[in-house]
Amino acid sequence: MIKELAEIFLVFFKIGAVMFGGGYAMLPVLEKELVAKRGWTTSEDLLDYYAVAQVTPGIIAVNVSTFVGYRRRGVIGGIVSTMGVVTPSVLIITLIALFISNFESIPWVQSAMRGINVAVAALLTSAVIGFARKTIKCWWGLIFFALAFVCVYFLKVPSVIVIIAAAAGGMLVSWARGDLRKSGGKNSGGDAE
């Protein structure tokens, strides 16, 4: 168990060390490390963790790491994974605070941050395209996607409201199609329309 907890800590430490841009930007890293490389979770479960992490208090990346750690090793796994993902940020911020005054005014730091921002934008674009390919499986999914985009981007509706509305809409569509009645509330797997 100690060996597995150490592995959990190190994997999330590695993820936390490259977590520029927040939770969304780390999705490709999470998919590579947790789904493809280790098989600790599935892409679908990772998307579920993101959805739950979005509507719960806290940083998305920390919440997702806690869910995965908890799933691997219970409460202690959740604690270890959370510690792993936040430790790099704590170390970096502490070093910056201790040794560099006016950090943001240093020209090479400004240049580095501009480069990081471009890379994060590319990672976010990749994550959005990957999410869309995996989650939009029918006509109503496409409608929900378009409505959510319009609400968040143009109308500035808080994302929590959009997620709750989409969840309610998804349940309503499933109920109207008879999926909930047919399966007694269980997932019938009939998303393809």
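Values in this document were obtained by computation on a predicted structure and should not be read as measured data.

Hey, could you run me through helix α2 (residues 27–37) in this one?
Inspection of α2 places L27, L30, E33 and L34 among the buried residues, and these make up the whole buried set. The arc enclosing the buried residues of α2, seen along the axis, measures out at 145°, which places them on a common side. Residues of α2 that are exposed and angled more than 90 degrees away from the buried face: K32 and A36. Where α2 is buried, its residues meet α1 (2–17), α3 (43–55), α4 (60–99) and α5 (107–135). Just beyond α2, the residue with positive phi is G39, at close to 65°.

How should I be thinking about the environment of G77 in this particular structure?
Here G77 lies in helix α4. Note: C-alpha distance between G77 and M1 (76 residues apart in sequence) is 9.8 Å. G77 has contacts with L5, I8, G69 and Y70, leaving out every residue within four places of it along the chain.

What exactly am I supposed to notice about the nonpolar core here?
Side chains of a nonpolar character, in soluble globular proteins, are inclined to be buried together. The biggest cluster of nonpolar side chains holds 23 residues, and the ones touching the most others in it are F12, L30, L34 and V64. Contributing elements (two or more residues each) for this core: α1, α2, α3 and α4. If we ignore the near neighbours within four places in the chain, the residues touching L30 are F12, I15, V35, L46, Y50 and V64.

Hey, could you run me through the pattern of salt bridges in this one?
Side-chain pairs of opposite charge can arise where the charged atoms are in close proximity. Applying the stated criterion across every chain yields a total of eight salt bridges. Salt-bridge contacts for E4 lead to R73; the nearest nitrogen and oxygen are separated by 2.8 Å. Here E4 is found in helix α1, whereas its partner R73 is found in helix α4, with 69 residues between them in sequence. Between E7 and R38 there is a salt bridge; the shortest N-O distance is 3.6 Å.

Calculation criteria
- Residues numbered from 1 in each chain as written.
- Predicted model: local features only at pLDDT ≥ 70, side-chain atom pairs only at ≥ 80, totals over all residues.
- Heavy atoms only, no water.
- Buried < 20%, exposed > 50% of the residue type's maximum accessible area, 1.4 Å probe, protein only.
- Helix = DSSP H or I, 4+ residues; strand = E, 2+ residues; numbered from the N terminus.
- Arc of directions from axis to C-beta.
- Contact = heavy atoms within 4.5 Å.
- Core = buried A, V, L, I, M, F, W, Y, C linked by side-chain atoms within 4.5 Å.
- Salt bridge = Lys/Arg side-chain N within 4 Å of Asp/Glu carboxyl O.

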